[in-house]
Amino acid sequence: MNFKDLKKKFVSLYGEGDVRVFAAPGRVNLIGEHIDYNGGKVFPAALEMANVVLCRTRNDRKIRIAADDLSHKVESDLDHLEEKKGKEWGSYQLGVCDELQKAGYPLVGCDMLFWGNVPFGAGLSSSASIEVATAIAMATLGMEAAGKKTELNLIELALICQKAENNFVGVNCGIMDQFTAAMGQKDMSILLDCNSLNYAMVPMELPGYSIVICNTKKKRGLADSKYNERRAECDLALACLREVFPDLDALCSLTPGQYEMHKDVFPSETIKNRAAHVIYENARVMEAVACMKQGDWFGFGRLLNASHTSLKELYEVSGKELDAMVETAQETEGCIGARMTGAGFGGCAVAIVKDEYIESFITTVGIAYTRLTGLIPEFYVTRAGEGARELSVAQ
Ligand code: GLA
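The structure presented is a predicted model; accordingly, all values stated were derived computationally and were not measured.

**A few points about the overall build of the protein chain**
- Each helix and strand in the protein chain was counted, giving eleven helices and twelve strands.
- Over its C-alpha atoms the protein chain spans a radius of gyration of 21 Å, differing by no more than 12% from the 21 Å that the globule rule assigns to 395 residues.
- Based on the C-alpha atoms only, the size of the protein chain along its principal axes is roughly 60 × 55 × 40 Å.
- Looking at the 395 residues of the protein chain, the share that counts as buried comes to 58%.
- Here the analysis covers contacts within the protein chain between residues at least 6 apart in sequence; of these, 73% occur between residues at least 24 apart.

**So, the sheet that holds strand S9 (residues 335-341)**
- One open sheet holds the four strands; their spatial order is S9-S10-S8-S11, and the pairing between them is antiparallel. If you trace the sheet from one side to the other, it starts and ends with S9 and strand S11 (378-382), each paired once. Averaged over all adjacent pairs, the angle separating strand axes in this sheet is 25°, with direction ignored.
- Where S9 and strand S10 (residues 348-354) come together, six bridges link them in antiparallel fashion. Each bridged residue has a counterpart across the sheet, and for Met-340 the counterpart in S10 is Ala-349.
- Sheet strands touched by helix H10 (residues 320-331): strand S8 (209-215), S9, S10 and S11. Its angle to S9, the strand with the most contacts, is close to 170°.

**Here's the deal with helix H1 (residues 3-14)**
- A rise of 1.5 Å per residue sets the reference length of H1, with its twelve residues, at 16 Å; its end C-alpha atoms lie 16 Å apart and thus fit the reference within 8%.
- Residues of H1 that are buried: Phe-3, Leu-6, Lys-7, Phe-10, Val-11 and Tyr-14. Buried residues in H1, looked at end-on, bunch into an arc of 140°, giving them a common side. Seen from the buried face of H1, the exposed residues on the opposite side, beyond 90 degrees, are Lys-4, Lys-8 and Ser-12.
- Where H1 is buried, its residues touch strand S1 (20-31), strand S2 (41-57), strand S3 (62-67) and strand S5 (110-116).
- Where H1 begins, one side-chain oxygen reaches toward the backbone nitrogen of Lys-4, 3.1 Å away; that side chain belongs to Asn-2.

**A word on the pairing of S3**
- Pairing of S3 with strand S4 (residues 70-77) involves five bridges; the strand directions are antiparallel. The residue bridging Ile-65 from the neighbouring strand is Val-74, located in S4.
- Taking the residues between adjacent antiparallel strands as the criterion, S3 and S4 are bridged by two residues.
- Of the strand pairs in this sheet, S3 and S5 are connected by five bridges, and their pairing is parallel.

**Some words on the environment of Asp-224**
- For Asp-224, the position within the fold is in helix H6 (residues 223-241).
- The spacing of Asp-224 and Glu-165 is 59 residues in sequence and 11 Å in space, taken between C-alpha atoms.
- Those residues within four positions of Asp-224 in sequence are excluded, and the remaining contacts are Lys-87 and Val-171.

**Topic: the nonpolar core**
- Counting residues in hydrophobic clusters, the biggest one holds 127 residues, and the most contacted among them are Phe-43 and Phe-300.
- Filtering out sequence-adjacent residues up to four positions away, Phe-300 remains in contact with Leu-30, Phe-43, Ala-288, Cys-291, Met-292 and Ile-352.
- Within the second largest apolar cluster, twelve residues are counted, among which are Phe-3, Phe-10, Val-21 and Ala-66.

Definitions and cut-offs
Residues numbered from 1 in each chain as written. Predicted model: local features only at pLDDT ≥ 70, side-chain atom pairs only at ≥ 80, totals over all residues. Heavy atoms only, no water. Helix = DSSP H or I, 4+ residues; strand = E, 2+ residues; numbered from the N terminus. Rg over C-alpha atoms; globule rule 2.2 N^0.38 Å. Buried < 20%, exposed > 50% of the residue type's maximum accessible area, 1.4 Å probe, protein only. Contact = heavy atoms within 4.5 Å. Pairing = 2+ DSSP bridges. Axes fitted to C-alpha atoms, helices over the stretch in contact; angles between N-to-C directions. Expected span 1.5 Å × (residues − 1). Arc of directions from axis to C-beta. Polar contact = N/O pair within 3.5 Å; in protein donor to acceptor, adjacent residues only side chain to side chain. Core = buried A, V, L, I, M, F, W, Y, C linked by side-chain atoms within 4.5 Å.

Below is the structure:
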């Protein structure tokens, strides 16, 4: 980020004066996919790639939003936010303002300029990072303007952002992305229990290995509708299991052993497969965390591979491009495990690669992937970054 240029742009849009700067990162999920909304445990990490918002309060209730790389601008009013419901850029930010107000935060009008380097629509949660950056900015500025103490509860803000995406944007997402964007810590992955929101930071120490994110460059076209479809299928699976376990609160509260004993309760093979993915994926997360703590990278890698197979065959949220990327990565020297990450249907894969092979891995996988799909991929070698925060910048 070049703050000077961004500040110039801010001034050309909104006039002279100081600005405040807030940031929130994207995320990569190492393992535990499509189980956050089933009360499961997930194992994501915040990225160094982030969305940043430059902002300045106004004396009225107007909200003006612009982005460094979009000509599109959005204007609204804190008293008429609902008019802008939908999936447009800008709805994410306005939805957050709406839910913040509903949760009782005092907000003030604000001019905002967004900049980000989290690739959009790539399964790295650029939308959650925009939401959380907006939430921390608007909540901080609103509380200050109201003369209130500004010790923010970041988990509460993450829940507010999730509500904004559910209610205002219309995507029924779980809590993983917003939680990670809010709470991430440098060099840590988060073991998050999505049922209780209890969490533990696990040092992301991979001596000799790195996390390589492989962007298929296939946009997640069908993702939102298929995502809501999967959620409905999981609800049905849960309803079936409640015939046997009346008090079952979430699919992930069932063990693989219990599933195996009762897998004839489902009305179709599809619903049975969806439940199998969810229940076994949840068990894989705890195994993966144990592997990471013991430094068993091969074990960790094998679990990543198993997760991908399950997402492809049982949960059916992968796709030609993700499979081409993951399968090529898995066969390439130096890679000990790879899987799709995020909602699927395009977007990114995550691979664990031995450091001395990173360059050759990127070249080999890149060439093979382009041959298979005609698309030019991108690769990011990354470590875990920090969660939501205010940045102090010289004006
Ligand atoms: C999207 C959602 C998350 C989670 C993942 C799949 O990123 O926003 O809540 O469900 O998909 O694991």
